[in-house]
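What the coordinates show
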Amino acid sequence: MRRASLPPVACRVSDTLIARGHHGVIVSQPEATHTAEDAAKALGVDVGAITKSLVFLLDDDPVLLLVSGAHQVDLPRTGERLEGTLAPAPARLAREVTGQPLGGIAPVGHPTNLPTWVDNALAAYREVWAAGGHPNTIFRTSFRELVRITAGLPLDVD
């Protein structure tokens, strides 16, 4: 899809991707991709290859977890691994710290750098897909590249 037709927030994500050595190609999907299941269906891929960008509070500080679409975060166990208490962030806070709407939060392109962890389960896929900063936008990457472009740390979340 031509860059001019992307929403401004998706253009910011693309610029961030390019600045971090990714090709920066973000595409718009004609079908809704607000959920991992929707994105997997639209792309014809396993739901586990979809990256959910989820904002949590770790001891009251916002953090980003990039989670396989096949997983739900085990809050007590993951919090213990992160040496703190993990709780879902309120929607208002997630929008504020990412600058992106729910259902389209990308792993990058936020106004501030969020501490980031990447679900190890994504490593099972040659290609993974993540939201491009706006609902119905998505980009292709790999687990290794996702860790690199986000400066994230691999983590088991289930």
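The shown structure was predicted, so the numbers you read here are calculated from the model rather than taken from an experiment. (Residues numbered from 1 in each chain as written. Predicted model: local features only at pLDDT ≥ 70, side-chain atom pairs only at ≥ 80, totals over all residues. Heavy atoms only, no water.)

1. Considerations on the overall build of the protein chain
- Scanning the protein chain from N- to C-terminus turns up five helices and eight strands.
- For the protein chain, the α and β elements follow one another from N to C terminus as α-β-α-β-β-α-β-α-β-β-β-α-β.
- For 158 residues, the compact-globule estimate of 2.2 N^0.38 gives 15 Å, and the protein chain sits close to it at 14 Å.
- Overall size of the protein chain, expressed as C-alpha extent along the three principal axes, is 45 × 30 × 25 Å.
- Across the 158 residues in the protein chain, those meeting the buried criterion constitute 50%.
- Taking all contacts inside the protein chain whose residues are at least 6 apart in sequence as the whole, residues at least 24 apart take part in 62%.
- Of the roughly 7,600 Å² of accessible surface on the protein chain, 52% is carried by carbon and sulfur atoms. (Helix = DSSP H or I, 4+ residues; strand = E, 2+ residues; numbered from the N terminus. Rg over C-alpha atoms; globule rule 2.2 N^0.38 Å. Buried < 20%, exposed > 50% of the residue type's maximum accessible area, 1.4 Å probe, protein only. Contact = heavy atoms within 4.5 Å. Areas by Shrake-Rupley, 256 points an atom, 1.4 Å probe, with all protein chains shown as cover.)

2. Here's the deal with the pairing of strand E7 (residues 137-141)
- Summarising burial for E7: four of the five residues are buried, a large majority.
- In textbook terms, the turn of a hairpin is the stretch between consecutive antiparallel strands, and for strand E6 (residues 128-131) and E7 this stretch comprises five residues, one of which, Gly133, has a positive phi near 100°. (Pairing = 2+ DSSP bridges.)

3. Topic: the pattern of salt bridges
- Counted under the stated rule, the structure contains four salt bridges.
- The partner of Arg126 in a salt bridge is Glu127, and the shortest N-O contact between them spans 3.9 Å.
- For Arg126, a relative accessible area of 72% translates into the label exposed.
- Its relative accessible area of 26% is what places Glu127 among the partly exposed residues.
- The salt bridge involving Glu127 is made with Arg140; its shortest N-O contact spans 3.7 Å. One end of the pair, Glu127, is in the loop between strand E5 (116-119) and E6; the other, Arg140, is in strand E7, and 13 residues separate them in sequence.
- Each of Arg126, Glu127 and Arg140 takes part in a single network of salt bridges with overlapping partners. (Salt bridge = Lys/Arg side-chain N within 4 Å of Asp/Glu carboxyl O.)

4. What about the environment of Phe143?
- Inspection of the secondary structure puts Phe143 in helix H5 (residues 143-150).
- On a C-alpha basis, the gap between Phe143 and Ala89 in space is 24 Å, while along the polypeptide they are 54 residues apart.
- Apart from the residues lying within four places of it in its own chain, the contact partners of Phe143 are Val118, Asp119, Asn120, Leu122, Ala123, Val128 and Pro154.

Honestly, that's just the spatial picture; any functional story needs more than this.
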